Amino acid sequence: MNPFDFIGSKMYEFRAPQIIHFGLGCLKKVGSEAARFGKRALLVSDQSMQKAGYVAQALEQIKAGGVEAAVYDQVNAEPTDKIVDEGLRIYKDNKCDMAIALGGGSPIDAAKAIAAMATNTAKVPDFMGLNKIAKPAAPIIAIPTTAGTGSEVTRFTIITDTARDVKMLIVSDFLMPQAAIVDPLLTISMPGWVAASTAVDALTHAIESYISRKAQPLTETLALEAIRLLGTYLRRAWANPEDLEAKNYTMLASTVAGMAFSNSSVAMVHGMSRPIGACFHVAHGLSNAILLPLVMEFSCVAAPEKFADIAEAMGENIEGLTLMEAANVAVDAVRQLCDDIKIPRAIELKLKQEEFMRMAPKMAEDALASGSPGNNPRRPSKEEIIEVYGQLFK
Ligand SMILES: NC(=O)c1ccc[n+]([C@@H]2O[C@H](COP(=O)([O-])OP(=O)(O)OC[C@H]3O[C@@H](n4cnc5c(N)ncnc54)[C@H](O)[C@@H]3O)[C@@H](O)[C@H]2O)c1
Ligand SMILES: [Fe+2]
């Protein structure tokens, strides 16, 4: 036998921020991190962060680090090219040297795009796709407040192109934050539905990373642990936001899942969910959550051993089951978890079936064009994607 002929014998690359600060109270690290990158920062955030007092807390720490900051706090959920342009204007007016993101995935993604625009002459839609950003972005420090997207450790940003109603996936090493500051205390104030839907986004990252055709030993290890952490702690974190142990590990799962999928890509759920977000303005976590069990059902026949691992990581007993039975247990376990944390069913979202299915062919095309469904163990055709969209209404 060839001594190099075993799973994991290939060479792999793995990208992550230069530094990740993790732990209760680590927001205070933003001052010393900012000081590494210059004298003026643009703090990119939103109105909820202002109301929660996090903007004021961050500004105090940034100032203590000897850095001045301008604030752009108008990022909306699922940011658009227009939001990025407005942020860039303030960045330039204030002659900033870095972007500091404070918020969920929306402010983090907006800050990444602003940082890329600050050093490049293109328009945001020119960045769509893989490695389309010509020059390194301005330094990015990311401080997440949802246990969700993992954007603080990914090389992605997702920005809606308002002219075409497309959620653009932009992938570039230049979008990897230099520093991630992950403070689980910041997630306590999330409303229940935000906590639930963003956590299912993290679970989707972990599951899609684990089953991705681009998975590698480093990402598999991280993804499986993220699934185990969410299976163990998510219900507690959702039911009782003051449960710091559960909040801590749910946040850890989100960041770990982010590192996993940033290096192995997501797959069919994300491919199909972005067009729902763009066309029907459903929050990212929710559009993933309604699709996740359906897509798992579609996919598990192509990689039953991986889905059996997922069932086990979620704490299910699969002893004595056939591989396919164990794989199906993973689907049931995800459905149950979503029910327990009150993720709404697709029909409760009041999507208009007729209009939705009229858009389904375009959405299927956009999903395939993003490349994500191509990472799925079972690669879907356009017709199969339309069929899965249709199952949302059953
Ligand atoms: N770049 C990536 O790698 C990546 C990965 C997944 C998703 N995304 C993108 O991230 C965006 C979604 O991000 P998200 O799910 O974190 O939601 P979000 O940032 O849109 O926030 C959702 C809502 O929750 C509020 N909120 C956030 N944190 C809060 C807190 N601690 N307390 C009170 N309110 C709080 C926000 O103000 C907002 O109203 C989408 O645009 C999605 O496409 C990016
Ligand atoms: Fe996601």
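Residues numbered from 1 in each chain as written. Chains lettered and ligands numbered in written order. Predicted model: local features only at pLDDT ≥ 70, side-chain atom pairs only at ≥ 80, totals over all residues.

(A) Just the site of ligand 1, in detail. Every one of the 29 residues lining ligand 1 counts as a neighbour, but Ser48, Gly104, Gly105, Ser106 and Thr154 are closest to it. Elements represented by at least two residues in the shell around ligand 1 include exactly helix H2 (47–52), helix H5 (105–119), strand S7 (156–161), helix H6 (192–211) and helix H10 (284–299). Here the shell around ligand 1 is built from residues that sort into seven nonpolar, 18 polar and four charged. (Near = placed C-beta within 6 Å. Helix = DSSP H or I, 4+ residues; strand = E, 2+ residues; numbered from the N terminus. Nonpolar A, V, L, I, M, F, W, Y, C, P; charged D, E, K, R; others polar.)

(B) Highlighting the sheet that holds strand S9 (residues 179–182). The strand order S1-S9-S6-S4-S2-S3 describes an open sheet built from six strands, whose pairing is parallel. This sheet does not close on itself; its edge strands, each paired only once, are strand S1 (19–22) and strand S3 (68–72). On average, adjacent strands in this sheet sit at an angle of 15° to one another, irrespective of strand direction. Sitting on the sheet, helix H4 (residues 81–93) touches strand S2 (40–44), S3 and strand S4 (98–103), and the angle it makes with S2 is about 160°. Running over the sheet, H5 touches S2, S4 and strand S6 (140–144) and is turned about 170° from S4. (Pairing = 2+ DSSP bridges. Axes fitted to C-alpha atoms, helices over the stretch in contact; angles between N-to-C directions. Contact = placed C-beta atoms within 7 Å.)

(C) Highlighting helix H13 (residues 353–369). Given a rise of 1.5 Å per residue, 17 residues ought to cover 24 Å, and the 23 Å separating the end C-alpha atoms of H13 matches this to within 8%. At Ala360, H13 shows its largest bend, some 45°, and a proline, Pro361, comes one to four positions later. Packed against the buried residues of H13 are strand S8 (166–171), helix H9 (268–280) and helix H14 (382–391). Downstream of H13 by a residue or two, Gly371 has a phi angle that is positive, lying close to 90°. (Expected span 1.5 Å × (residues − 1). Bend = angle between axes of the 7 residues up to and from the residue.)

(D) Seen up close, unusual backbone geometry. Despite not being glycine, Glu78 shows a phi value in the positive range, around 55°. Take Glu78: it is sitting in the loop between S3 and H4. In the Ramachandran plot, Lys95 falls in the positive-phi region, its phi being about 50° despite a non-glycine side chain. Mapped onto the elements of the fold, Lys95 is located in the loop between H4 and S4. Overall, Lys95 belongs to the exposed group, with 11 C-beta atoms counted inside 10 Å. (Buried ≥ 20, exposed ≤ 12 C-beta atoms within 10 Å, placed from the backbone.)

(E) Main features of H4. Taking 1.5 Å of rise per residue, the 13 residues of H4 would be expected to cover 18 Å, and the 18 Å separating its terminal C-alpha atoms lies within 8% of that figure. Restricting attention to buried positions, one finds in H4 the residues Asp81, Ile83, Val84, Gly87, Leu88 and Tyr91. Axial view of H4: buried residues confined to an arc of 150°, hence all on one face. Exposed and facing more than 90 degrees away from the buried side of H4 are Arg89 and Asp93. Along its buried surface, H4 packs onto S2, S3, S4, H5 and S7. Directly after H4, the chain includes Lys95, whose backbone phi takes a positive value near 50°. (Arc of directions from axis to C-beta.)

(F) Representation of the nonpolar core within the structure. In this structure, Ala99, Ile100, Ile114, Ala226, Ile227 and Ala330 are the most contacted members of the largest nonpolar core, which totals 144 residues. Here this core gathers at least three residues from each of two domains, domain 1 (19–187) and domain 2 (192–391). For Ala99, the residues in contact, after removing those within four places along its chain, are Leu42, Val44, Tyr91, Ala111, Ile114, Ala115, Ala138 and Ile140. (Core = buried A, V, L, I, M, F, W, Y, C linked by C-beta atoms within 7 Å. Domains from an automatic or database assignment.)

(G) Summary view of the domain arrangement of the protein. Taken domain by domain, the protein holds domain 1 (19–187) and domain 2 (192–391). Its C-alpha centre places domain 1 at a distance of 25 Å from the equivalent point of domain 2. Opposite the 27 residues of domain 1 that make contact, domain 2 presents 27 residues. Each residue belonging to the side of domain 1 that touches domain 2 can be placed in one class, and the counts come to twelve nonpolar, ten polar and five charged.

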